Amino acid sequence: MTGLAGYEKLFYGGIALMAAAAAFLAIFLIIYLYRGAKLRKMLDEEYGDPVRYNRGRERKR
C-alpha cells in the first residue's frame, strides 16, 4: 500500500489531472497560435487585405 487514505489519493490525483490539463492546454495553445499565424499569412497572400472588401458593407441602423 502507499500509505495514503482514499481521500488523499483523490486529492493528489485531482491535482495531477489539473496539471496534465494545464500542460495540454499550453501545448495546444502554442500549436493553435502557430498554425493560425501561418494560415492568416497564407490567406493574406492569396486574397489580399480583407478590410478592402468590407468597406461598403457597413450595417445600416
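My aim in this report is to walk through the structure given alongside it, one point at a time. (Residues numbered from 1 in each chain as written. Predicted model: local features only at pLDDT ≥ 70, side-chain atom pairs only at ≥ 80, totals over all residues. Heavy atoms only, no water.)

## A look at the overall build of the protein chain
What counts here: The helix count covers DSSP runs of H or I at least four residues long, the strand count covers runs of E at least two residues long, and both are numbered beginning at the N terminus. Accessible area is worked out with a 1.4 Å probe on protein chains only. A residue is then buried under 20% of its type maximum, exposed over 50%, and partly exposed in between. Values of accessible area rely on a 1.4 Å probe in the Shrake-Rupley scheme; residue burial ignores everything except the protein chains shown.
Counting its secondary structure elements, the protein chain contains one helix and zero strands. Expressed as a percentage of the 61 residues in the protein chain, the buried residues total 0%. Put simply, the protein chain shows about 6,500 Å² of open surface, and 65% of that area lies on carbon and sulfur atoms.

## Brief notes about a negative patch on the surface
Under the convention used in this document: Nonpolar side chains (Val, Leu, Ile, Met, Phe, Trp, Tyr) within 5 Å and like charges within 9 Å form the patches, drawn only from residues with over 30% relative accessible area and no salt bridge. The working definition used for a salt bridge is a side-chain nitrogen of Lys or Arg within 4 Å of a carboxyl oxygen of Asp or Glu. Residues counted as positive are Lys and Arg, residues counted as negative are Asp and Glu, and His and the chain ends are not counted. Here the site of a charge means atom NZ of a Lys, CZ of an Arg, CG of an Asp or CD of a Glu.
On the surface, a cluster of negative charge is contributed by Asp44, Glu45, Glu46 and Asp49. As for its position among the elements, glutamate 45 is in helix 1 (residues 6-47). Judged by its relative accessible area of 61%, glutamate 45 is exposed.

## Some points on a nonpolar patch on the surface
Together, Leu4, Phe11, Tyr12, Ile15 and Met18 make up an exposed nonpolar region whose accessible area comes to about 520 Å². Relative to the helices and strands, isoleucine 15 resides in helix 1. For isoleucine 15, a relative accessible area of 38% gives the class partly exposed.

## Observations concerning the packing of aromatic side chains
What counts, and what does not: Ring pairs shown here join Phe, Tyr and Trp side chains whose ring centres sit within 6.5 Å, with only the six-membered ring taken for Trp; geometry is labelled stacked below 30 degrees between planes, edge-to-face above 60, and tilted in between.
Enumeration according to the criterion identifies two aromatic pairs in this entry. Pairing phenylalanine 11 with tyrosine 12 gives two aromatic rings, centres 5.2 Å apart and planes at 70°, and the pair type is edge-to-face. On the basis of an interplanar angle of 20° and a centroid distance of 6.2 Å, the ring pair of phenylalanine 24 and phenylalanine 28 is categorised as stacked. Of the two residues, phenylalanine 24 and phenylalanine 28 are both situated in helix 1; the distance of four residues between them amounts to about one turn of the helix.

## Topic: helix 1
The test is simple: What a helix is expected to span follows from its residue count: subtract one and scale by 1.5 Å.
With 42 residues, helix 1 extends 59 Å from end C-alpha to end C-alpha; this agrees with the ideal 62 Å at 1.5 Å per step. Glycine 48 occupies a position one or two residues after helix 1 and carries a positive phi of about 85°.

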